[in-house]
Structure formats: C-alpha cells, structure tokens
Amino acid sequence: MAEVSYARGLAGVIADESKICVIDGVKGELYYMGYPIQELAEKSNFTEASYLLIYGKLPSKTQLENFRAELTKNREIPKFIEETIKKFPKKTHPMTALQTCVAMLGMEDIPSEKDSRETNQKRSVKLIAQFPTLVAYFARHREGKDIVKPNSDLCHAANFLYMLNGEAPTDEIAKMFDTCLLLHAEHTFNASTFTGRVVAATLADLYTSVSAATGALFGPLHGGANEKALEMAKSIGSVDNVDKWFDEAMASKTKIMGMGHRVYKTIDPRAKILKGLLLDLSKKAGNTNQLEVLDKLAEKMAEKVKAEGKEIWPNVDYFSGTLYELMGIDSIYFTPIFAVARVAGWSAHILELWTDNKLYRPKCLYTGDIDLKYVDIADRA
Ligand SMILES: CC(C)(COP(=O)(O)OP(=O)(O)OC[C@H]1O[C@@H](n2cnc3c(N)ncnc32)[C@H](O)[C@@H]1OP(=O)(O)O)[C@@H](O)C(=O)NCCC(=O)NCCS
C-alpha cells in the first residue's frame, strides 16, 4: 500500500465512501441523501428525514404512515431498563445515563452477526423511537418526578417534550423542535458518527456501536458545545458587554463555543435556519437580548478573522442552546437532545457500512524512543 501523508486528527482525510450526506464547507451547503437541508427544513420533518436516512429514499405516503406507526409503536423501553433508570444516581449526567441505556438495549434484544439488514433496519427504527423515552425517563427521575409514559396521539417531537415536561407543547413549539431534530439528524463523518462506524466496522452490534457514538457526542468539542454556548451568552449578559468580553476572550485564547468548524469555512447552514427560529421565538417571548449578544459576538469574530485570514463562523451549536432555553428546556438536556436526533444518522451510517464492511485501522506517527535497553528495577535511578 502506498504511504499516505500525515493528517493530525484525520483532518481532510477521506476514510471511506458514503451516499448519506455531503457538506460543501466553502459554500456552506449540506445535503441529506442529495436533498438540500434548507428544503428539508422547510418542507419535511424529522420522521420523514429519518426514513430517508435509514431507507435511502423519500417515502411514499403509505410508507411514511407505516414508518410513523412503527416509531409510535416502539416508543416504550424494556421494563428492566425503566426500573434500572429509576435506580441511577440522580447526579449522573444524562449523557452517561443515555449511553449506558443504549448498551442495555442489547441485553434483551440480543444481536447476532448473522442478523439481516432488515433486522438491523428495524432495530434502527426502534432506536430512533426509544431514544426520546430513555432521555425523558432519566430526566424525570433525576428531577424527582414520576416518569411520563409516551402519548401515541402526539408526533415524535411533541411526544418527547410531553414526556420531558409532563405537558404537551404548543403546535408551534412542537414544529420548531421537530425542525431542530431534523437539522441535527445527520452530518457525515463527524466524531460521533465516525466513532459509531469504527466500532461497527469491527462487527460489534448496532447497540454497542450506537452506544459508543453516544459517548463521543458527549464531549464539549462536539455535542456539548451548545450547552457551553448558552452559558457563555448568559455570562456576557448584555450586548454592551460584548466588546470587553470578546477582547478578554481573545487575549486569553478562550475558544468561543458554538463557533468554528472542521469543515465549514463559512456560516453553518443549520445555524442560519436556527437563527431564524430563534429570532421568531425571541420576538414572541418579548426578549431578544441573548440573540443580540450572540449576533454582536459573531460580528466581532467575523471582523477579527477577516483581518487574520481565518474562517471561524457560528456552527449548529451557536444558536440552538438559546432556542432550546426559550422552549423551556434545561441546558443539561441539550446534548441528549442532539443524540435523540443524531441516532438516525448514526444508524444510517452503520447500516451503510455493513453493506461493504471494512475495518478502520489508521497508523500513527510514532514519536517515542526505540530499542531502549531494559534496566533491571534494582538498577533504576
Ligand atoms: C470545532 C472545532 C473543534 C474545530 O477545530 P479545528 O478544525 O481543529 O480548528 P482548531 O481548533 O485547530 O482551530 C484553528 C484556529 O482557529 C481558532 N479557533 C477555532 N475555533 C475557535 C473558536 N470557537 N473560538 C476561537 N478561536 C477558534 C483556533 O484557536 C486556532 O487558532 P490558531 O491557528 O491561532 O491556533 C473548533 O472550532 C472548536 O473548538 N470550536 C468550539 C467548540 C464547538 O463549537 N464545537 C462544535 C462543533 S459543531
């Protein structure tokens, strides 16, 4: 095999082929199975986008109805997991709880290497259906509240908020939240999807692979950034404080959470859509303060990077935290919500990988010593 060049963090390396999603980082474009994200956000919904990702094409009316019914039917989680969740320490982070529960799903429905693609597609649909329940049940438990069972009269997005908050959201909030899920459903070879693929490529089962992907999403440089972006916007407080805060942040080389991206060298198209939703909801709530802070901060960064020839723009996490907060969601659930959406993309990638599996095994540039002489412990300094 020809030697390939060294790319730290695999930046720019093409590690595999995929038909699921493509990003044009320069133009700021994102496509799911060839469909532009703007069009999907406008005309489609999370349920249909999940079908698209799992089955590779848009559903017919009947296929969509059946898919929706499958999702609704599979919302409940195994009883032993529900009981275990109730025993989790309340101080557990919801992402730790979620990752654990995803692995536990493989304890009852025990996968085998011989399972067909159809079996794993059905499992994927179950995972998409059950992620909201896992997150909501643990949320209720950690808050010392009774769990709220899924409501089959509500759509996927509305039912999640219902199980989380104990009351159904308005149609408007449900629709916005659904769009948020759709925007987060897939994003090519990001860290968590790549993790899921790496684990799946060893032929570990779907639950193990998705559980690993869930773990990778937890980090603040990935799914955890929206929680941090909200904390930042709040700590800045008002638009008048932005200049000072920004100068101090740059002087101390503090990274601005929700900005920057490995692939996008312009504003993330999802951030543009989320900003529109945030503007809408902020105006309705009569409080645009936090949006103004975020806008001014993004302007300051744009000025700075223009002068330095860098490209650091708002990414998907920049506006979503503030938006979720206006929807009444506690920030600790932001990353789990990301997972509720991204499980569709993870599953799609794992299913795709298994149609022509190849183990991932990169090399490392060794920088350590070699051929050292072993010194007996008695003779060591
Ligand atoms: C996403 C991220 C990890 C991409 O990182 P990357 O492609 O490896 O880029 P780097 O971290 O190497 O940054 C390149 C340069 O831009 C700067 N930079 C990147 N993101 C920045 C940010 N959010 N705030 C300030 N500076 C940033 C770095 O300091 C670095 O500057 P330098 O060349 O002077 O050292 C990075 O932008 C980041 O940490 N962002 C904040 C976390 C976040 O929002 N994550 C969600 C991603 S969807």
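Residues numbered from 1 in each chain as written. Predicted model: local features only at pLDDT ≥ 70, side-chain atom pairs only at ≥ 80, totals over all residues. Heavy atoms only, no water.

**Re the nonpolar core**
A general trend in soluble globular proteins is that nonpolar side chains are found buried together.
Logical step 1: Counting residues in each nonpolar core, the largest one holds 104 residues, and the members touching the most others are F131, F177, M327 and I329.
Logical step 2: The greatest single-element share of this core, amounting to 13 residues, is contributed by helix α16 (residues 334-354). (Core = buried A, V, L, I, M, F, W, Y, C linked by side-chain atoms within 4.5 Å. Buried < 20%, exposed > 50% of the residue type's maximum accessible area, 1.4 Å probe, protein only. Helix = DSSP H or I, 4+ residues; strand = E, 2+ residues; numbered from the N terminus.)

**Some details on the site of the ligand**
Logical step 1: Among the 16 residues in the neighbourhood of the ligand, the closest are listed as K255, I256, G258, M259 and N315.
Logical step 2: One of the backbone nitrogen or oxygen atoms of M259 is found 2.8 Å away from a nitrogen atom of the ligand.
Logical step 3: N315 places a polar side-chain atom, nitrogen or oxygen, 3.0 Å from an oxygen atom of the ligand. (Near = heavy atom within 4 Å. Polar contact = N/O pair within 3.5 Å; in protein donor to acceptor, adjacent residues only side chain to side chain.)

**Brief notes about the domain arrangement of the protein**
Logical step 1: For the protein, the assigned domains read domain 1 (16-219 + 342-354) and domain 2 (225-326).
Logical step 2: On a C-alpha basis, the centres of domain 1 and domain 2 stand 27 Å from each other.
Logical step 3: Listed per partner, the contact involves 22 residues of domain 1 and 19 residues of domain 2.
Logical step 4: Buried area between domain 1 and domain 2, summed over both chains or domains, comes out near 1600 Å², and the portion from carbon and sulfur atoms is 71%.
Logical step 5: Broken down residue by residue, the surface that domain 1 buries against domain 2 is led by M176, L183 and H184, which jointly contribute 31%.
Logical step 6: Here domain 1 and domain 2 share one salt bridge between them.
Logical step 7: Of the charged contacts, one joins E172 and K284 as a salt bridge, the two residues approaching to 2.6 Å between their closest N and O atoms.
Logical step 8: Remark: the boundary between domain 1 and domain 2 carries four residue pairs in polar contact (both at pLDDT 80 or more).
Logical step 9: When residues of the side of domain 1 that touches domain 2 are traced back to their parent elements, those giving at least two are β1 (21-24), β2 (29-32), α1 (37-43) and α8 (171-184). (Domains from an automatic or database assignment. Contact = heavy atoms within 4.5 Å. Buried area = accessible area lost by both parts, 1.4 Å probe. Salt bridge = Lys/Arg side-chain N within 4 Å of Asp/Glu carboxyl O.)

**Some words on the pairing of β1**
Each regular strand shows side chains that alternate between the opposite faces of the sheet.
Logical step 1: Alternating residues of β1 divide into C21 and I23, all buried, and V22 and D24, none buried.
Logical step 2: Bridge count for β1 against β2 is four bridges, and the pairing is antiparallel. Bridge pairing in β2 links D24 to E29. (Pairing = 2+ DSSP bridges.)

**So, the pairing of β2**
Logical step 1: Only one face of β2 is covered, namely the face carrying L30 and Y32; the face carrying E29 and Y31 is uncovered.
Logical step 2: The hairpin turn running from β1 into β2, its antiparallel successor, is four residues long, and G28 in that turn takes a positive phi close to 75°.
Logical step 3: Summarising the sheet, β2 and strand β3 (residues 35-36) pair through two bridges and their orientation is antiparallel. Residue pairing in the sheet places Y32 in a bridge with Y35 of β3.
Logical step 4: Between β2 and β3, which pair antiparallel in sequence order, lie two residues; one of them, M33, sits at a positive phi of approximately 50°.

**Remarks on the pattern of salt bridges**
Logical step 1: This structure, assessed with the given rule, holds 25 salt bridges.
Logical step 2: With a closest N to O distance of 3.3 Å, K79 and E82 form a salt bridge. In this pair, K79 and E82 both sit in helix α4 (residues 79-85), three residues apart, roughly one turn of the helix.
Logical step 3: With a relative accessible area of 3%, E82 lands in the buried category.
Logical step 4: Across the salt bridge formed by K86 and E83, the nearest N and O atoms sit 3.8 Å from each other.
Logical step 5: Each of E76, K79, E82, E83, K86 and K149 takes part in a single network of salt bridges with overlapping partners.

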